[in-house]
Amino acid sequence: MQLVIVESPAKAKTIEKYLGSDYRVLASYGHVRDLPPKDGSVNPDEGFAMEWENYADKTKQLKAITDLAKTADRLILATDPDREGEAISWHVQEVLRNRKALPKDVQRVTFNAITKATVTEAMKHPRELDTDLIDAYRARRALDYLVGFTLSPVLWRKLPGAKSAGRVQSVALRLIVSREREIEAFRAQEYWSVVADMEQDGTPFQARLVQFEGKKLDRLSIGEEGAAMRAKAAVEAGRFTVQTVEVKPATRNPPPPFTTSTLQQEASRKLGFSADHTMRIAQGLYEDGAITYMRTDGVQMDSSAISAARLAVANRYDASYVPDKPRVYQTKAKNAQEAHEAIRPTDFSKDKAGGGDHARLYDLIFKRALASQMASARMERTTVEMLDGTGQTGLRATGQVVLFPGYLALYEEGSDDTQDEDARRLPRLREGDAPAKKGVTAEQHFTQPPPRFSEASLVKRLEELGIGRPSTYASIIKTLKDREYVRVEKNRFFAEESGRLVTAFLERFFEKYVSYDFTSGLEDELDEVSGGRAEWQAVLEAFWRDFKPRTTEVMEQKPSEVTAELDKFLEPYLFPAQADGSDPRLCPHCGQGHLALRGGKFGAFVACSNYPECKYTRRFGQPGAAGEDAGPETLGEDPETGLPVERKSGRFGPYIQIGEGETRKMASIPKDIGELDLEWALKLLSLPRTVGTHPETGEAITAAIGRYGPYLKHAGKYARLTSTEDVFETGMNAAVVKLAEAAAGGGRQQRGAQAPLKVLGLHPRSEAEIKLMEGRYGAYVTDGTTNATLPKSIEKDALTLEEAAQLIDARAAAAPPAKGKKKPAAKKAPAKKAAAKKPAAEAAAAGEPAVKKAPAKKPAAKKPAAKKAPAKKVAAAAE
């Protein structure tokens, strides 16, 4: 028996059909192990030795692979044909070696498309694992780990509220923040255009003023209305005659087939897809055998594919659309990765594949690849110059005529879709003609700042700079969104305050490591490793030699010193110059103190120097930070104690407080309360409210507001309430009914009624919607049919759709067969632990105040299972 290992179950299922009965194909479901998210996983003092840990959720897959490997005559590692695929194969091999289950005959096979011909041919040409690619993977993984687990703690200590920093993630964020600064520094310049509406032989066209008072004009020459009106009058008064007609032939060549980055860019422009969504859909098309491998920097196509494309062009059009010679493209991108074929259809006779977004993306890939082997478009560009009788005023009309559309008959690149002045059609004009003038307009314009990055333009810029790899761009962009360092509006990136703050910190204290040249140079070094021209440990040593001392130096600085430096660095943004020349740092509350950036327990804020007399603050770079806070607002006095009732702002939003120290009482202000007054404040501080005694049990029914909203509680059972008002108005009859309805619904239904933490998207294979939920025992993902617990190795914020889909697939595959009902029954034995449900029952319904969750953890800590606790010490993931 021959055992074949691939990444996904869909890929395994397809490939097993192509191979004979002697083959078994199993999926690893992606990576099977990684560096544990804890200190010491990479040890620079021992040659950057790495401590790998198997993913807990891959236990069943690894056991299945191990069991079959023990009886296999040959192991074929057939993971994806890139650095990550090579790494997955290496990890599988090492796990089997450690378990003494590695067959003597181990071979590596790669194929660029999942078709029967490609797979069977690849099986005839096995090779050994590429140690250079594996070393490059190890170097990249170690670098990302060392940056993240060394730099992120510095951020947490010196910049409370910051979430993480990463080797490439932070540089991408810097690009977005720098563009924001350019836009803010931009000063618009006024200019005017003068255009004449002309007509010749019944055909209208427009001509632009290019000469006035004998002087040539450029776009900004007419800068104010007075000059524009004079120019307009001169055009209106003149009779214009054609002086020259210049006709130039032009050709446009088709773009090459898609690479990973150009596919992401074009799918963003034409389909509105995010980079992450594009790669998920492309993965599905690849696994279905519809397209070639979708992570590639190469633009070349296989000779047989070129022949097939040329034949498809001839069948669709005619011979004139097929160029005399096949088109051969070469990769020009900086830092191009391992040379793979471009993204193309596996069969050019099929112009459709899949449905929905899969069909739309396939159509784009199909047309782009087919157009790349079509004839060039031929056109004429015409420029007409006209002068008035004085020779002082001149007009110019431009346009183009497509003589032969060539590839444009099928496909036009997104960036060229907008029509410009040259694309207008012109009537036939000759020297001496005097076209009729129908009207003249003078329009005011203003120069525009550089546009904010879209996903397409950000990916393009990263690739131009040689930063990161196209296969990682989707996850980088997703991380920036998930960390809330940026937001997206109308498909454009806006830098959030938290993103500005982190970028300012890194530029001020780690400028070298977020510089474009350094990051690009590091990518070059990693490419040298993958090419066998550099030693991976030497690359890491050179980086670590400078990076570690710098982090130590910054860590030793006082937080106040760091904040003072950031105050200077961010001054143009925090305290912009005032139009009236007044001091931008003058406190708006007291009118005497000066404002400055400060650091607090929950993050950065702007405060007045007259504190504590003046309590003016303005949060900066904190989640949900908005507006200013002049300090606590006294709503009145508590009639029982005589103490002031104050409205304050905290890390989690506004709240009410009465008293100080250990005796103080606090309550969050619900969002559904309109205007907060003393009466409402006292009602909130009085919670929980006793509704009455349950007529059947004799136990009290209480109403309160918890982490999941307003709720009723009785004998450890909960029921949701709709609003804050319900907490104070629900009577005994209604409370008993609601509790009975909640009990009848069951804990599982109540838990399912909670809003998801995040909707991740559609399952790439089943197309069911996948949601991230918070459950009794932690976060889990569900597609509505199967629930899969999130392993400790995956952070909720960093979870991708593909990872969630793989968890669900693995859980579904591990489920017992339907007819073996005795097995599930046997598994119910541990359910006696359900006694622990009572303290944590708030997760099943509306939710109890978070403070009451603590006792639930004490009994669990006494159990042997508590030995797993150290695994929870997970630092923020570094990209």
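Treat the numbers as computed from the prediction; the structure is a model and nothing was measured.

**Re the pattern of salt bridges**
When the charged atoms of two side chains with opposite charge come close together, those side chains can pair.
Here is step 1: Counted according to the given criterion, the structure contains 41 salt bridges.
Here is step 2: The salt bridge partner of arginine 127 is glutamate 86, with a shortest N-O separation of 3.0 Å. Here glutamate 86 lies in helix H3 (residues 83-98) and arginine 127 lies in the loop between helix H4 (116-123) and helix H5 (131-158), a separation of 41 residues in the sequence.
Here is step 3: In this structure arginine 127 comes out as partly exposed when scored by relative accessible area, which is 32%.
Here is step 4: A salt bridge links glutamate 507 to arginine 181, with the shortest nitrogen-to-oxygen separation between them at 2.5 Å. With a gap of 326 residues between them, glutamate 507 in helix H14 (residues 497-509) and arginine 181 in helix H6 (residues 169-185) connect regions that are remote in the sequence.

**Here's the deal with the nonpolar core**
Most often, soluble globular proteins have nonpolar side chains that are buried together.
Here is step 1: By size, the foremost hydrophobic cluster in this structure holds 156 residues, and its most contacted members are Ile291, Leu361, Phe505 and Phe510.
Here is step 2: Of all hydrophobic cores here, the second largest spans 24 residues; its members include Ile656, Trp680, Ala703 and Leu739.

**Brief notes about the sheet that holds strand S7 (residues 74-77)**
Here is step 1: Reading across the sheet, the four strands line up as S2-S1-S7-S8 and stay open at both edges, with parallel pairing between neighbours. Each having just a single partner strand, strand S2 (23-27) and strand S8 (105-108) make up the two edges of the open sheet. Recorded for the sheet is a direction-independent mean angle of 20 degrees between the axes of neighbouring strands.
Here is step 2: Across four bridges, S7 lies against S8 in parallel orientation. Bridging from a neighbouring strand, leucine 77 pairs with arginine 108 of S8.
Here is step 3: Contacting strand S1 (2-6) and S2, helix H2 (residues 59-71) crosses the sheet at an angle of about 160 degrees to S2.

**Here we look at the confidence of the model for the chain**
Here is step 1: Looking at the chain, the pLDDT average stands at 84 and 87% of residues meet or exceed 70.
Here is step 2: Within the model, pLDDT remains below 50 along residues 746-753, and this stretch shows 13 contacts once partners closer than five positions in the same chain are excluded.
Here is step 3: Contacts from residues 818-879, a stretch scored under 50 in pLDDT, to residues over four places away or in other chains number 84 contacts.

**Observations concerning the sheet that holds strand S18 (residues 595-600)**
Here is step 1: Taken in spatial order, the three strands line up as S18-S19-S20 in an open sheet, and their pairing is antiparallel. What marks the edges here is a single partner per strand, and that holds for S18 and strand S20 (617-619). Taking each pair of neighbouring strands and ignoring which way they run, the sheet shows an average axis angle of 30 degrees.
Here is step 2: Bridge count between strand S19 (residues 603-608) and S20: three bridges; the pairing is antiparallel. Counterpart to alanine 607 in the pairing with S20 is threonine 617.

**A short note on the packing of H5 against helix H15 (residues 516-530)**
Here is step 1: Axis separation between H5 and H15 bottoms out at 7 Å; the angle between their running directions is 150 degrees. The orientation of H5 with respect to H15, classified from their angle, is roughly antiparallel. In this structure, H5 contributes Asp132, Leu133, Asp135, Ala136, Ala139, Arg140 and Leu143 to the contact, and H15 contributes Leu522, Glu523, Leu526, Val529 and Ser530.

**Here we look at the side chain of glutamine 2**
Here is step 1: Looking at the element boundaries, glutamine 2 is found in strand S1.
Here is step 2: We classify glutamine 2 as buried; its relative accessible area is 14%.
Here is step 3: A distance of 2.5 Å separates the side chain of glutamine 2 from the side chain of arginine 74, its partner in a polar contact.
Here is step 4: With near-sequence residues (within four places) excluded, glutamine 2 lies in contact with Asp22, Tyr23, Arg24, Arg74 and Ile76.

**Quick look at the pairing of strand S9 (residues 190-200)**
Here is step 1: Burial analysis of S9 places eight of its eleven residues in the buried class, which makes it a mostly covered element.
Here is step 2: By the bridge criterion, ten bridges tie S9 to strand S15 (residues 436-446) in an arrangement that is antiparallel. Its bridge partner being in S15, methionine 198 is matched across the sheet by lysine 437.
Here is step 3: Bridge count between S9 and strand S10 (residues 203-212): six bridges; the pairing is antiparallel. Across the sheet, residue aspartate 197 finds its bridge partner in S10, namely glutamine 206.

**Things to note about helix H11 (residues 357-371)**
Here is step 1: Spanning 15 residues, H11 covers 21 Å between terminal C-alpha atoms, matching the ideal 21 Å at 1.5 Å per step.
Here is step 2: Those residues of H11 not exposed but buried are His358, Leu361, Tyr362, Leu364, Ile365, Phe366, Arg368, Ala369, Leu370 and Ala371.
Here is step 3: Close packing links the buried residues of H11 with helix H8 (260-271), helix H9 (275-287) and helix H10 (303-316).

**So, the environment of threonine 782**
Here is step 1: Note that threonine 782 resides in strand S31 (residues 778-782).
Here is step 2: The exposure class of threonine 782 is buried, given its relative accessible area of 12%.
Here is step 3: Spatially, the C-alpha atom of threonine 782 lies 5.6 Å from that of isoleucine 770, the residues being twelve residues apart in sequence.
Here is step 4: Once you skip the residues sitting within four places of it in the chain, threonine 782 turns out to touch Glu769, Ile770, Lys771, Met773, Asn787 and Ile808.
Here is step 5: At 3.4 Å, the side chain of threonine 782 forms a polar contact with the backbone oxygen of threonine 786.

**Here we look at H2**
Here is step 1: In this model, H2 (13 residues) spans 19 Å end to end at C-alpha, consistent with the 18 Å of a helix rising 1.5 Å per residue.
Here is step 2: Regarding H2, the residues found buried are Gln61, Leu62, Ile65, Thr66, Leu68 and Ala69.
Here is step 3: Turning to H2, the residues buried within the fold contact S1, S2, strand S6 (53-54), H3 and helix H22 (801-814).

Rules behind the numbers
Residues numbered from 1 in each chain as written. Predicted model: local features only at pLDDT ≥ 70, side-chain atom pairs only at ≥ 80, totals over all residues. Heavy atoms only, no water. Salt bridge = Lys/Arg side-chain N within 4 Å of Asp/Glu carboxyl O. Helix = DSSP H or I, 4+ residues; strand = E, 2+ residues; numbered from the N terminus. Buried < 20%, exposed > 50% of the residue type's maximum accessible area, 1.4 Å probe, protein only. Core = buried A, V, L, I, M, F, W, Y, C linked by side-chain atoms within 4.5 Å. Pairing = 2+ DSSP bridges. Axes fitted to C-alpha atoms, helices over the stretch in contact; angles between N-to-C directions. Contact = heavy atoms within 4.5 Å. pLDDT = per-residue confidence, 0-100. Parallel < 35°, antiparallel > 145°, perpendicular 65-115°, else oblique. Polar contact = N/O pair within 3.5 Å; in protein donor to acceptor, adjacent residues only side chain to side chain. Expected span 1.5 Å × (residues − 1).

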